[in-house]
Amino acid sequence: MSLIASLLFNLLGFLLNLSGDQSGCCLETDWTLPSPSISHLIAVKEKQKLEVRWLSNSSGLKDGRNLYEIQIGRTENLTIVYSSNVSVHPVGSDTYSWTWTSSLPLECADHSVRIRRFYNQSLPSPWSEWMTNYGDQELVDAENNTRIFPFQRVLREGASTMLCCVPPRGVHITGMAFNGSQYPLISIGDRVKAISVKNLTIPARLFQGVLFSCNDTTAETNKCFNYISFPPQKPESISCSTTDLKTVNCIWDPGRKSNLVDPYRRTHTLHIANSDQEPIKCKESSCHFPAVPHLDEYNISVVVGNQLGEERESYCFNISDRVLPALEWTRVWPGVTNSTLSWIIQGNLSGLDILCQVVTNQESTIMVSCQSYCKVKLGHLLPNTHYSARARCAVKGKLWGDWAQPIAFTTYPLVTLDVWRRVEQLSSNSLRKVTLFWTPHVPGLAASNIIQGYTVRWTQGGRNGTEWKDNGQAQAEIIIGAGRCDFSVQAVVRAGSSIPDHITIPQTEDRENLLQEQHLSGNTTGALQLTWAEYDHATCGYTVEWCIVGTVTPCTLQWRKVPEGNNSLLLPARNFEAGYRYTFNIYGCTENGHRLLEIQTGYIQELKSVQSPSLVGAVRSTSSSVTLEWLYDEDDQAGFITGYLASVQEVGQEAAPGHSAILLNVTVADPRRKSVTIEGLQESREYTVYLSALTKKGRGPPATITIRTKANYTVHLVKILIPVLLLLCCTILLWPQRTMVKSGLKGILSYPAGMNIRTIEIDSFLHETSERLRSQTVAECVSCDIEVLDAGPPVSETTTLIHPELLNPPSFPASQSSSLSLSPLGMPIQADYRPQSAAVLWERPILQRITSVANQGYFHSMGEDFSETEQASPKGISEITSLESAVSLQESWSVMDSYISNDTLSM
């Protein structure tokens, strides 16, 4: 059917041609188009490609499209596996070429090709003869062994592929596997079988091969390995240069590196397009080749290829712009603080202006211009220090060359000394003892390894002196006069050199005045920050010296020098110990010597564990105060003493829960004061006093002492004299009216009949009361009030003065009612007790003056039993009222004495 359709299509095209424009050439009705003639069929089996070349044989026909139909048949049955119309252009005059890629390896079967041409895209020519590319069946038959194709070939990553098994005649394929997995069989011809594997991936293992296996009826398993990779990538960032104008070196970025090894890896070749040199075989990412004589401009191409394809990249450059000089070190001359390096420039670059750069490991850079031989001196180096230097060169204005290999060297050692002094005035004012201290500094080495000794020289008033100190000694004592003296100390070393250090001792008249110490403390990082006022005459900086305060044996003097212009110094905590006080003397360096500017003292860290004060044995005390004295060295402590705290506690007194038993605290704010007086104590009491030193951290451990206050006899005497004086005053005031008062009292203080009350004489009463009060313990007065009032109430008004407690007499049990009676004022009176009483009544027109004297006090028991009065007075009444009066403005004025109960006297 396809043949008939083709004939009909050709016939239709021919008729249309005849009915078209006849202006062209005339075709005879029995004329046919000539068929193409296939001249070559080239098989590239590694790439599974067929290249077809043919002649058109129709050069007289004008057809610009050159449309051809190409068919490819497989096996001896010519099964069409590809058919398509293609438009091709001639390679030569009448020669055409076309390439086809087969999905099946060409070794698996025969592949035949035929072609025909279309005139005006419609009129076809006859088909050409079939041309066949034969597979490897005959080779398999000759070997009589099943073969697998492709065999040891590189397959494209991510692509699909077909694999076939070609058995000998009479043998049939039973199964095929890829990496151990069975795949369905595809029949290719009579005996060839194939499988299709999709999306090939590179194995994630060191061995990159993939295994194909084939089973046949001979019960044998045939195996072969193939490889999976990816097409080459185009080279990137190509750069070429030369170091000597003789050899050109080119480098590039190869991109993704190949996963295969020889002989399957990529090939790299470099082509110089503007020369007749052969292609140059290169490495994966670099290539070098001899410079072409008299050629400045280079046009090169780098070609990368493997079995999967080929990539090419071009690059142009001028060789004079790509000169990167290379150098070679020749010699090093090390010194103490400098060294000299030399090198030569490789190649013949004498006609070029070269600039070189030298960098040390301390990041110092030196630029030098030179020709073929270069030399440079490195300065500002440290003595006895290891250094390394590297260098690179460039043609001025062009690119820098590569860094040369670093060269190492060591500078010679240099010994320096740091000298300080201590000056002591001897008993003779004209002589002083100077102690010199020094510390050697040898960077990178131990001083004992290279120092042999020290030479000490001094000059004073035209006289010179020299003293030798062996290695290991670090101080010297020298007696000098009162004038200025210049010292120098220099180390004597085995190799290298030594720089002497100088120090000047000022004359005696320049001694510093006494300065007040300033307190300082460590900062949050634990270091000590020293800051002092700037001294305008300190032309050579400052020196800070320190030592531990309070040590029995003087410690080693330490010092630190500060350059000019700085007035602060941070001392790290590792140089100090917590709890030790350090004194820092700050000197200003002048041309006439060092002058003491400030004294600062402090701690790196203050501690709470200070010592307890040492109390003096003799303690001065009174009835209400105690004076303590103590000894204390506030300088030799673990912190600054800010004062003292004395806490007083009464012996035997227990504190309530949640309260302190301390009665009072007394603080001494001056740490230099060593005594304190504690007041506000009670007489004849025992107290415990705790005395502690105070610091910023708190209260230190206390020193304890127990004392007793003295008795206050003055208070006793006053309490005795007050009632006596009051009674005496009352007697003096009432003596002119003694007759009237006596008669008035008799009327007021009259007793019921039958009562046997003994009259107490006032003198005996006062004597007895005085004797009892003398043995009592002094207590605080409740009140002692004396009032003198002038008043003039109306004549018709009557005033009565009665003690408040007498208005509400206390109640007593019923059992005591038989033995008690009430006084006219409501007070219970015992039957056998006869108080002194008096009553005076008279008339006065106006009361011109009222005097009221009241005394209230407490008395303790004297140890005697006044049984006859204990029940007569209510318990709790302890007042003595000297005089209570009721005044009547019309007719009378009365004075009444209160009663002293036995309860009151027994308290």
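Conventions we followed
Residues numbered from 1 in each chain as written. Predicted model: local features only at pLDDT ≥ 70, side-chain atom pairs only at ≥ 80, totals over all residues. Heavy atoms only, no water. Helix = DSSP H or I, 4+ residues; strand = E, 2+ residues; numbered from the N terminus. Buried < 20%, exposed > 50% of the residue type's maximum accessible area, 1.4 Å probe, protein only. Contact = heavy atoms within 4.5 Å. Areas by Shrake-Rupley, 256 points an atom, 1.4 Å probe, with all protein chains shown as cover. Pairing = 2+ DSSP bridges. Axes fitted to C-alpha atoms, helices over the stretch in contact; angles between N-to-C directions. Phe/Tyr/Trp six-rings, centres within 6.5 Å; stacked < 30°, edge-to-face > 60°. Lys NZ or Arg CZ within 6 Å of the ring centre and 35° of its normal. Disulfide = S-S within 2.5 Å. Expected span 1.5 Å × (residues − 1).

Chemist: Hey, could you run me through the overall build of the protein in this one?
Modeler: A tally of regular secondary structure across the protein gives 8 helices and 63 strands. Out of the 907 residues in the protein, the part that is buried amounts to 41%. Contacts spanning at least 24 positions in sequence make up 66% of the contacts within the protein whose residues lie at least 6 apart. Accessible surface computed for the protein: about 49900 Å², of which carbon and sulfur atoms make up 51%.

Chemist: Got a minute to help me understand the sheet that holds strand S15 (residues 192-197) in this structure?
Modeler: By way of backbone hydrogen bonds, the strands of a sheet pair with one another, either parallel or antiparallel. Taken together, the 4 strands give an open sheet; going across it, the order is S9-S11-S15-S14, and neighbouring strands pair in antiparallel fashion. Both edges of this open sheet fall to strand S9 (147-149) and strand S14 (186-188), since each of them pairs with a single strand only. Geometrically, the sheet is characterised by an average inter-axis angle of 30 degrees between neighbouring strands, direction not taken into account. As paired strands, S9 and strand S11 (residues 161-166) are joined by 3 bridges and run antiparallel to one another.

Chemist: Just to check I follow, could you spell out the packing of aromatic side chains for this structure?
Modeler: When we look at a pair of aromatic rings, we describe it by the centre distance and by the angle of the planes. Inspection of every chain in the model, using the stated rule, returns 25 aromatic pairs. For the pair Trp420 and Tyr587, a centre-to-centre distance of 5.2 Å together with 65 degrees between the ring planes defines the contact as edge-to-face. One end of the pair, Trp420, is in strand S32 (residues 414-425); the other, Tyr587, is in strand S45 (residues 581-590), with 167 residues separating them in the sequence. Among the residues examined, Tyr587 registers a relative accessible area of 9% and is labelled buried. Positioned above the aromatic ring of Trp127, the side-chain terminus of Arg114 is 4.2 Å from the ring centre. Arg421 extends its terminal NZ or CZ atom over the ring of Trp420, reaching a point 4.8 Å from the ring centre.

Chemist: Looking at this model, I keep getting lost on unusual backbone geometry. Mind explaining?
Modeler: Trans peptide bonds make up most of the peptide bonds, and negative phi angles are found at most residues other than glycine. Between Phe149 and Pro150 the backbone carries a cis peptide bond, its omega angle lying at 0 degrees. On the secondary structure map, Pro150 appears in the loop between S9 and strand S10 (154-156). We note that Gln48 has phi near 55 degrees; this positive angle belongs to a residue other than glycine. Position of Gln48 relative to the elements: it lies in the loop between strand S1 (37-44) and strand S2 (49-55). Of the residues examined, Gln48 reaches a relative accessible area of 10% and is grouped as buried. Of note, the phi angle at Asn179 is positive, near 55 degrees, even though the residue is not glycine. Considering the arrangement of structural elements, one finds Asn179 in the loop between strand S12 (173-178) and strand S13 (181-183).

Chemist: Where do I start with the state of the cysteines in this structure?
Modeler: Each disulfide consists of one covalent bond between the sulfur atoms belonging to two cysteines. Scanning the entire structure with this criterion turns up 7 disulfides. The disulfide that involves Cys356 links it to Cys393, with 2.0 Å between the sulfurs. For the disulfide bridge between Cys356 and Cys393, the dihedral angle about the S-S bond is near 100 degrees, and by the sign convention the bridge is right-handed. Here Cys356, found in strand S27 (residues 354-360), pairs with Cys393, found in strand S30 (residues 386-395); they are 37 residues apart in sequence, far enough to count as distant.

Chemist: What should I look at first to understand the environment of Phe225 in this one?
Modeler: Its location among the elements puts Phe225 in strand S17 (residues 221-229). Residue classification places Phe225 among the partly exposed positions, given a relative accessible area of 36%. With 46 residues separating them along the chain, Phe225 and Asn179 place their C-alpha atoms 9.7 Å apart. Beyond its immediate sequence surroundings of up to four residues, Phe225 is in contact with Phe151, Gln152, Arg153, Phe207, Gly209, Val210 and Leu211.

Chemist: Explanation requested: helix H4 (residues 713-734) in the structure shown.
Modeler: Residues that lie three or four places apart on an α-helix share one face, since the helix turns once every 3.6 residues. Counted at 1.5 Å a residue, the expected span for H4 with its 22 residues is 32 Å, and the 32 Å between its end C-alpha atoms agrees. For H4, every residue scored as buried is listed here: His716, Ile720, Leu726 and Cys730.

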